[in-house]
Amino acid sequence: YFVDSDAIGPDRVTIRGDDVHHIKNVLRMSPEDRLICCDGQGRDYLTEVESIGTDEVRCRIIDSSPSPGEPGVRVSVASSLPKGDKLEWVLQKGTELGADSFLPFTSARTVVKLDGKRAAKKQIRWQRIVKEAAEQSHRGRIPPVELPGNWRGLLEKFPSYDRVLFAYEKEGQSLADALKGAVGRRFLVVIGPEGGFTEAEAMEAASAGAVPVHLGPRILRAETAPLAILSCIFYSYGE
Ligand code: SAM
């Protein structure tokens, strides 16, 4: 279970909220059962349940260690907002695979339009999906999902990464070659919408330092491409 940092004391973890119901009624845990809690920042706590109340579960800390579920290479995913609930698929599966964070954005051919209020509501739902996927896959961190930004804003973030991989079906080097030449362990993967990127965007991305990469002759859907790239990166780094 992911718990807030203020739930973790020197000797005890106190679990509150929806997880109490899950521990009591779904897992039917009892005192003395073992439970692993995670602070969401990469540290796991092996605990023993002491008491199960109506609103809280108190656990005694037996041991703590860095979460084994976190990859050593950090890969953020910037997806141009795909239609329907496809981003939710990217968030869930991307979290399971090991994505570090998600940066949805809009570009010239993005069809989906979200006003500020809807985007804020969506972000809460997206963050919940990511949290559940992180718990299920035993991650040590909950990858943050940013509010959707625009293309210009995304370009400005490129310098914070060691390597920006711009997924472009029209040209570029193979992903394998792009990874061979990579220095550093902080990647950003940039994926276009259903209609792809414009040539102007491809040029702007290259000028901002991105490496165009293609994934072979088959055109993948906007929600498949980031998952394929994540899998390849973690595979090639042995993570
Ligand atoms: N523009 C294309 C079209 O409409 O035929 C396809 C766009 S594709 C469905 C959506 C996004 O997935 C692309 O913008 C790109 O980022 C990524 N993508 C899909 N297949 C790819 C490939 N073979 N190589 C590199 N990127 C790919």
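Basis of the calculations
Residues numbered from 1 in each chain as written. Predicted model: local features only at pLDDT ≥ 70, side-chain atom pairs only at ≥ 80, totals over all residues. Helix = DSSP H or I, 4+ residues; strand = E, 2+ residues; numbered from the N terminus. Buried ≥ 20, exposed ≤ 12 C-beta atoms within 10 Å, placed from the backbone. Contact = placed C-beta atoms within 7 Å. Near = placed C-beta within 6 Å. Nonpolar A, V, L, I, M, F, W, Y, C, P; charged D, E, K, R; others polar. Pairing = 2+ DSSP bridges. Axes fitted to C-alpha atoms, helices over the stretch in contact; angles between N-to-C directions. UniProt positions renumbered as here; feature names shortened; annotations may be inferred. Expected span 1.5 Å × (residues − 1). Arc of directions from axis to C-beta. Core = buried A, V, L, I, M, F, W, Y, C linked by C-beta atoms within 7 Å.

**Some points on the overall build of the protein**
Inference 1: On a plain count of helices and strands, the protein comes out with seven helices and twelve strands.
Inference 2: The principal-axis extents of the C-alpha atoms in the protein amount to approximately 60 × 40 × 30 Å.
Inference 3: Counting only residues that meet the buried cut, the protein has 35% of its 239 residues in that class.
Inference 4: Taking the intrachain contacts of the protein between residues at least 6 apart in sequence as the baseline, contacts between residues at least 24 apart amount to 73%.

**Quick word on the site of the ligand**
Inference 1: The ligand sits among 18 residues. The nearest are Ala167, Gly192, Gly196, Leu215 and Ala225.
Inference 2: Among the residues making up the shell around the ligand, the classes are represented as nine nonpolar, five polar and four charged.

**Regarding the sheet that holds strand β4 (residues 56-66)**
Inference 1: Taken together, the four strands give an open sheet; going across it, the order is β1-β4-β3-β2, and neighbouring strands pair in antiparallel fashion. Each edge of the open sheet carries a strand with a single partner, namely β1 (12-16) and β2 (34-38). When strand polarity is set aside, the average angle formed by the axes of neighbouring strands in this sheet is 40 degrees.
Inference 2: Of the strand pairs in this sheet, strand β3 (residues 43-52) and β4 are connected by nine bridges, and their pairing is antiparallel. Pairing of Asp44 across the sheet is with Ser65, part of β4.
Inference 3: Sitting on the sheet, helix α1 (residues 18-26) touches β1, β3 and β4, and the angle it makes with β1 is about 100 degrees.

**Here's the deal with the UniProt feature "domain: Ribosomal RNA small subunit methyltransferase E PUA-like" (unreviewed entry) in the protein**
Inference 1: Those residues carrying the UniProt feature "domain: Ribosomal RNA small subunit methyltransferase E PUA-like" (unreviewed entry) are residues 15-62 in this numbering.
Inference 2: Secondary structure within residues 15-62 divides into 19% helix and 50% strand; the distance between the first and last C-alpha atoms comes to 16 Å.

**What about helix α2 (residues 86-97)?**
Inference 1: Over its twelve residues, α2 runs 16 Å from end to end, which matches the ideal 16 Å to within 8%, given 1.5 Å per residue.
Inference 2: Leu87, Val90, Leu91, Gly94, Thr95 and Leu97 are the residues of α2 that are buried. Projected onto a plane normal to the axis of α2, the buried residues spread over an arc of 155 degrees and lie on a single side.
Inference 3: In this fold, the buried residues of α2 make contact with β5 (74-79), β6 (101-102), α3 (116-136) and α7 (224-236).
Inference 4: Immediately beyond the C-terminal end of α2, within one or two residues, lies Gly98, with a positive phi of roughly 125 degrees.

**Quick look at the nonpolar core**
Inference 1: Residues Ala78, Leu165, Phe166, Ala167, Val189, Val190 and Ile229 are the most contacted members of the largest nonpolar core, which totals 43 residues.
Inference 2: Of all the elements in the fold, those that place two or more residues in this core are β5, α2, α3, α4 (151-157), β9 (163-167), α5 (175-180), β11 (186-191) and α7.
Inference 3: Residues within four places of Phe166 in sequence aside, it is in contact with Val190, Ala205, Ala210, Val211, Pro212 and Val213.

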